[in-house]
Amino acid sequence: MSTTTPGTSLQLVELTKTYAGRPVLSAIDLAVDGGHFVAIVGRSGCGKSTLLRLLSGLEAPCDGGVLVNGEPLRSVNLHARIMFQDGRLLPWKSVLDNVGLGLRGDWRSRGLEVLRHVGLHERAGDWIARLSGGQRQRVALAKALITQPRLMLLDEPLGALDALTRIEMQQLIENLWLEEGFTSILVTHDVEEAVTLADRILVLEEGRIARDFRNDLQRPRRRGDPGFSQLTAEILDTILTQGGQGSAPQKTADHATEAVTPEHGHSPRPTGQPAGARGSERSDSPPIGEPSGALTAQLQ
Amino acid sequence: MARFQPFQLNPRLKRSLIPWLVPLLLLVLWQLLASRGVIPTRILPAPSAIALAAINMGRSGELWGHLSISAGRAGVGFLIGASLGLLFGLINGLMPRAELLLDSSFQMLRNIPPLAMIPLVILWFGIGEEARVFLVSVGVFFPVYLNTFHGIRSIDPGLIEMGKVYGLSPWQIVTNIVLPGATPSILVGVRFSLGIAWIILIVGEQIAANSGIGYMAMNAREFMQTDIIVFSIILYALLGKLSDSMARGLEHRLLPWHPNFQRTAKAVPSKPAIS
Ligand SMILES: Nc1ncnc2c1ncn2[C@@H]1O[C@H](COP(=O)(O)OP(=O)(O)OP(=O)(O)O)[C@@H](O)[C@H]1O
Ligand SMILES: [Mg+2]
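Computed from a predicted structure; not experimentally measured.

K.L.:
Explain the overall build of chain A to me, please; I cannot follow it from the model alone.
P.N.:
Helix and strand counts for chain A come out as 8 helices and 10 strands. Within the span of chain A, comprising 300 residues, buried residues form 53% of the whole. Taking the intrachain contacts of chain A between residues at least 6 apart in sequence as the baseline, contacts between residues at least 24 apart amount to 72%. Carbon and sulfur atoms provide 49% of the accessible area of chain A, an area that totals close to 13000 Å².

K.L.:
I'm lost on the overall build of chain B in this one. Help?
P.N.:
What chain B contains, in helices and strands, is 11 helices and 0 strands. In sequence order, the secondary structure elements of chain B are arranged as α-α-α-α-α-α-α-α-α-α-α. Its C-alpha atoms give chain B a radius of gyration of 25 Å, clearly above 19 Å, the size a compact globule of 275 residues would have. When its C-alpha atoms are laid out on the principal axes, chain B stretches across 80 × 75 × 30 Å. Per-residue burial for chain B yields a buried fraction of 39% across its 275 residues. Nonlocal contacts in chain B, meaning residues at least 24 apart in sequence, comprise 69% of its contacts between residues at least 6 apart. Taken as a whole, chain B presents about 17000 Å² of accessible surface, with 70% of it coming from carbon and sulfur. Charge separation in chain B, taken as the distance between the mean sites of 21 positive and 12 negative side-chain charges, equals 15 Å.

K.L.:
What should I look at first to understand the site of ligand 1 in this one?
P.N.:
Residue and element names in this part refer to chain A. Tyr19, Arg22, Val24, Ser44, Gly45, Cys46, Gly47, Lys48, Ser49, Thr50, Glu156 and His189 make up every residue found near ligand 1. A distance of 2.7 Å is found between an oxygen atom of ligand 1 and a backbone nitrogen or oxygen belonging to Gly45. Take Cys46: an N or O atom from its main chain is 3.2 Å from an oxygen atom of ligand 1. Contact with the protein chains covers 61% of the free accessible surface of ligand 1, which is 630 Å².

K.L.:
What is the right way to look at the state of the cysteines in this model?
P.N.:
Covalent bonding between the sulfur atoms of two cysteines is what defines a disulfide. Residues and elements named next belong to chain A. Inspection of the entire model under this criterion finds 0 disulfides over all chains. Note on Cys46: no disulfide assigned, nearest cysteine sulfur contributed by Cys62 at a separation of 17 Å. What makes Cys62 partly exposed here is its relative accessible area of 44%.

K.L.:
What should I look at first to understand the interface of chain A and chain B in this one?
P.N.:
Often, the extent of an interface is quoted as the loss of accessible area on bringing the components together. Listed as interface residues are 23 residues of chain A and, on the opposing side, 19 residues of chain B. Taken over both partners, the interface formed by chain A and chain B buries close to 2000 Å², and the fraction arising from carbon and sulfur atoms is 65%. Counting the surface chain A buries against chain B, the share from its top three residues, Arg88, Trp92 and Leu101 of chain A, is 31%. At the junction of chain A with chain B, the criterion picks out 2 salt bridges. In this structure, the salt-bridge partner of Arg53 of chain A is Glu161 of chain B, at a minimum N-O distance of 2.6 Å. For the pair chain A and chain B, the number of links is 8 residue pairs in polar contact (both at pLDDT 80 or more).

K.L.:
Sorry if this is basic, but what is going on with the environment of Gly133 of chain A here?
P.N.:
Residue and element names in this part refer to chain A. Looking at the secondary structure, you find Gly133 in helix H4 (residues 133-145). Looking at Gly133, the relative accessible area reads 44%, which means it is partly exposed. Put simply, Gly133 and Gly87 are 46 residues apart on the chain and 9.0 Å apart in space, counted from C-alpha to C-alpha.

K.L.:
When you look at the side chain of Thr50 of chain A in this model, what are you seeing that I'm missing?
P.N.:
Note that Thr50 of chain A resides in helix H1 (residues 48-56). Apart from the residues within four sequence positions on either side, Thr50 of chain A is in contact with Lys17, Tyr19, Val24 and Leu25 of chain A.

K.L.:
Where do I start with the packing of aromatic side chains in this structure?
P.N.:
For any two aromatic rings, the description comes down to two numbers: the centre-to-centre distance and the angle of the planes. Residue and element names in this part refer to chain B. A complete count under the given rule lists 13 aromatic pairs over all chains for this structure. Ring geometry for Phe106 against Phe141: centres 5.3 Å apart, planes inclined by 65°, an arrangement best described as edge-to-face. One end of the pair, Phe106, is in helix H5 (residues 96-110); the other, Phe141, is in helix H7 (residues 129-153), and 35 residues separate them in sequence. One exposure class covers both Phe106 and Phe141, and it is buried. Between the aromatic rings of Phe141 and Tyr145, the centroid separation amounts to 5.7 Å while the plane-to-plane angle is 5°, which identifies the pairing as stacked.

Analysis parameters
Residues numbered from 1 in each chain as written. Chains lettered and ligands numbered in written order. Predicted model: local features only at pLDDT ≥ 70, side-chain atom pairs only at ≥ 80, totals over all residues. Heavy atoms only, no water. Helix = DSSP H or I, 4+ residues; strand = E, 2+ residues; numbered from the N terminus. Buried < 20%, exposed > 50% of the residue type's maximum accessible area, 1.4 Å probe, protein only. Contact = heavy atoms within 4.5 Å. Areas by Shrake-Rupley, 256 points an atom, 1.4 Å probe, with all protein chains shown as cover. Rg over C-alpha atoms; globule rule 2.2 N^0.38 Å. Lys, Arg positive; Asp, Glu negative; His and termini not counted. Charge placed at Lys NZ, Arg CZ, Asp CG, Glu CD. Near = heavy atom within 4 Å. Polar contact = N/O pair within 3.5 Å; in protein donor to acceptor, adjacent residues only side chain to side chain. Disulfide = S-S within 2.5 Å. Buried area = accessible area lost by both parts, 1.4 Å probe. Salt bridge = Lys/Arg side-chain N within 4 Å of Asp/Glu carboxyl O. Phe/Tyr/Trp six-rings, centres within 6.5 Å; stacked < 30°, edge-to-face > 60°.

Right under this line is the structure:
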């Protein structure tokens, strides 16, 4: 890691967001150390995007707050770069001009450099409409990277991509993260993606962090490794048995994560520490490491 | 017996010629009927007579005088109306407070057909240039205003949000995101209003003018010169078509990024599928 400035640290203090009287996030407490890669998974509508929007300062909390490097966040978070699912590129600007949007001075050579990083420098002069979905995502990534952000917020960045492109993009993101050392918060529907990339995986449920998994698998991680499948299956089970439909037998977090080899051991939280109250009510019986849909780990 | 072979045209040429067949036949029929006296010249002169009238007027210079006067009126009226429409469209589109103040007034005025104001306009301005320029400006204002406003308001809020997260100032958001995003809609307004400008001008010039194509037609009526009248009508059609093509050219120039206006790589023929 050639880190010059460390990644931004985040602290969420009783962070609460209510829409029209309906709580979306209720008093979330969370600390993310600089340079960590955190993934947030959960059912649709559980407030993942809302959480990211609060972290980026696009939305103001109803109660509580966010500390960015210890400073309270009051307006748009300029440490952060968001990569949106739909890319949000400007069709009336060329690829290169999209990458350099809002920059001053001589950024063009740097823009080309970043585009080379994502393998698109030959398309620098093209219109956005001429790019494929995966290429657009890579432009969005380049655009987020050019300012060397210390905090990267990724809201389902790869949701619209096919499986192959997605794996490529995951590798790209992982490598860039290893090189640049920024803090990453990744929202995803894809549990495997979370397990591939993150060293901490939060399960969001009804506006709370229901579970906090630590993932110390060695990088680069490979689908199909026993530890990988185990963790994936366990996270999936946690999500699927939420909302009172949990009639299927369960296992506890600690049980599963024990099998995962701790390797860096820099996770701020103890293994699988439940942040919600539900963990204790679960029975643990079934065998672990079943191929329990690990390859079809797409939640909607 | 050798079969009669019609000439072999290549299919593309054929396709572009066929649509002209019916108009051509009608023209020939019209010419025949008129020259035989079936259609009296007083009602409709022969196409050849119209062409002749056009040539004569062109030679005498009368045509160019009227033409440039009409084009000037349409141009000035259009510029004034479109600039104001653009200005207020931008102001109201960007500032909700201005919209609250002005938009409903504009919506009320919009429902007045500009031509209904002719008597009043003649009282205000007489039959001078101002009257016609004013009418054209009013007619042009609303399409440009509405489309500018609508174009700004229908910009994807996600893009503006993206601009904020990427640290753009409000002014940068306007110049980088709002204006380019609204341009397609603004150009629709421009194209639409060019058509309206001509319509208003025709009527304006026929009622109150002593020059211009509309005047040329009305003047010809007094002398029962139907050939000149029909020629004036054709002239309006051509001018309308010309300004529409100009607006389309503008779209191609200003929207090179837009998939609808992108030049498809016609020079490179698509490769045949691998055999
Ligand atoms: N601007 C808003 N006004 C009212 N309700 C909102 C608004 N934004 C989000 N919500 C509500 O907040 C809840 C959480 O929304 P959010 O977009 O954070 O979900 P999500 O977890 O990102 O879901 P998904 O995985 O489908 O993207 C939803 O019930 C949604 O209807
Ligand atoms: Mg979302």
